[in-house]
Amino acid sequence: MNVATARLHHASVFHRLPRGVLALVALACIAAVGGALVAQHVFGMLPCPWCIFQRVLYLAIAGVALIGWAAPVCAVTVVTSGLVLALSVGGIASAVFQHQVAAKDSSCAFTLADRFLSVTGLETAVPWLFQVTATCAEAASARLLGQPFEVWSGLLFALIGLTAALLLWHRKLRS
């Protein structure tokens, strides 16, 4: 590692504060779910199964990131960063599927998201958070700054994935 790279590496927030970055990832995920709940319960934007599935992924990422934040062991930070990366890739895939396929279908029945919600029982266990109240085509009409919600969700998943990849890359440089 040359001197310039070493200085950049040591000055990086990813090097100095990997646990803090994981806390910010968790906060971003919780804020995304909070924003979705405000959009739903205050502004009447009703979620489809894919919207709810993405909420589950955001909460899973937040939980994993908080474990990484709370654990003082570097190995846990690496494992949790890898899990955050994997979950964010799943989130990107779900947002792309919702935008490219599900939004053009009048029913989301029997899709992966619909089956997941049926099997887990989340919809009946915590209806204010996980209840499906729209079809995919209906949910596709909801927009934020001219773009469908799933586009924004996909971008946030991509940013989270990039952050996790940078955490892993900087951890590898440090080893």
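Let me begin by describing the structure that accompanies this report. (Residues numbered from 1 in each chain as written. Predicted model: local features only at pLDDT ≥ 70, side-chain atom pairs only at ≥ 80, totals over all residues. Heavy atoms only, no water.)

1. Brief notes about a nonpolar patch on the surface
On the surface, a cluster of nonpolar side chains totalling about 280 Å² of accessible area is made up of Ile 30, Leu 66 and Trp 69. Mapped onto the elements, Leu 66 comes out in helix α4 (residues 49-70). (Patch = residues over 30% accessible without salt bridge, like charges linked within 9 Å, V, L, I, M, F, W, Y side chains within 5 Å. Areas by Shrake-Rupley, 256 points an atom, 1.4 Å probe, with all protein chains shown as cover. Salt bridge = Lys/Arg side-chain N within 4 Å of Asp/Glu carboxyl O. Helix = DSSP H or I, 4+ residues; strand = E, 2+ residues; numbered from the N terminus.)

2. Here's the deal with the packing of α4 against helix α6 (residues 112-120)
Where α4 meets α6, the axes come as close as 8 Å, and the angle between the chain directions of the two elements is 65°. Handedness of the α4/α6 crossing: left-handed. For the pair α4 and α6, contact is made by Pro 49, Trp 50, Ile 52, Phe 53 and Val 56 and by Leu 112, Ala 113, Asp 114, Phe 116 and Leu 117, respectively. Of the residues contributing to the contact of α4 with α6, the split by class is 9 nonpolar, no polar and 1 charged. (Axes fitted to C-alpha atoms, helices over the stretch in contact; angles between N-to-C directions. Left-handed = near helix turned anticlockwise from the far one by under 90°. Contact = heavy atoms within 4.5 Å. Nonpolar A, V, L, I, M, F, W, Y, C, P; charged D, E, K, R; others polar.)

3. A word on the nonpolar core
The biggest cluster of nonpolar side chains holds 28 residues, and the ones touching the most others in it are Val 25, Cys 29, Ile 61, Val 84 and Ile 160. Contributing elements (two or more residues each) for this core: α3 (18-41), α4, α6, α8 (127-130) and α10 (149-174). Among the elements that make up this core, the one with the highest residue count is α4 (10 residues). When near neighbours in sequence (up to four residues on either side) are disregarded, Cys 29 contacts Tyr 58, Ile 61, Ala 62 and Ile 160. (Core = buried A, V, L, I, M, F, W, Y, C linked by side-chain atoms within 4.5 Å. Buried < 20%, exposed > 50% of the residue type's maximum accessible area, 1.4 Å probe, protein only.)

4. What to know about the packing of α3 against α4
Packed helices, taken two at a time, are described by the angle between their axes plus the distance between the axes. Where α3 meets α4, the closest approach of the two axes is 8 Å, and the angle between their N-to-C directions is 155°. By the angle between their directions, the pair α3 and α4 is classed as roughly antiparallel. Taken as a pair, α3 and α4 cross one another with a handedness that is left-handed. (Parallel < 35°, antiparallel > 145°, perpendicular 65-115°, else oblique.)

5. Some thoughts on the state of the cysteines
Per the counting criterion, the structure on display carries 0 disulfides. Here Cys 48 is not cross-linked by a disulfide; its sulfur's nearest cysteine counterpart is in Cys 51, at 3.4 Å. On the accessibility criterion, Cys 48 (0% relative accessible area) is buried. (Disulfide = S-S within 2.5 Å.)

6. Overview of the packing of aromatic side chains
One pass over the structure, following the stated rule, counts 4 aromatic pairs. Measuring from ring centre to ring centre gives 5.7 Å for Trp 50 and Phe 53, while their planes differ by 80°; the resulting arrangement is edge-to-face. Of this pair, Trp 50 and Phe 53 are both found in helix α4, 3 residues apart, which corresponds to roughly one turn of the helix. Taking the relative accessible area as the measure of exposure, Trp 50 reaches 4% and is therefore buried. Given the relative accessible area of 11%, Phe 53 is considered buried. (Phe/Tyr/Trp six-rings, centres within 6.5 Å; stacked < 30°, edge-to-face > 60°.)

7. Examining the environment of Val 101
Mapped onto the elements, Val 101 comes out in the loop between α5 (74-100) and α6. It is 9.2 Å that separates the C-alpha atoms of Val 101 and Cys 136, two residues lying 35 residues apart in sequence.

8. A short note on the side chain of Gln 40
Among the structural elements, Gln 40 can be located in helix α3. Take Gln 40: its relative accessible area is 8%, and that puts it in the buried class. Of the polar contacts made by the side chain of Gln 40, one reaches the side chain of Arg 55; its length is 2.8 Å. Contact partners of Gln 40, with chain neighbours within four places excluded, come to Met 45, Pro 47, Arg 55, Trp 128 and Gln 131. (Polar contact = N/O pair within 3.5 Å; in protein donor to acceptor, adjacent residues only side chain to side chain.)

9. Section: α3
For α3, built from 24 residues, the straight-helix expectation of 34 Å at 1.5 Å per residue is met to within 8% by its first-to-last C-alpha distance of 35 Å. Among the residues making up α3, those that are buried are Pro 18, Val 21, Leu 22, Val 25, Ala 26, Cys 29, Val 33, Leu 37, Ala 39 and Gln 40. (Expected span 1.5 Å × (residues − 1).)

Coordinates in, geometry out; function isn't part of it.
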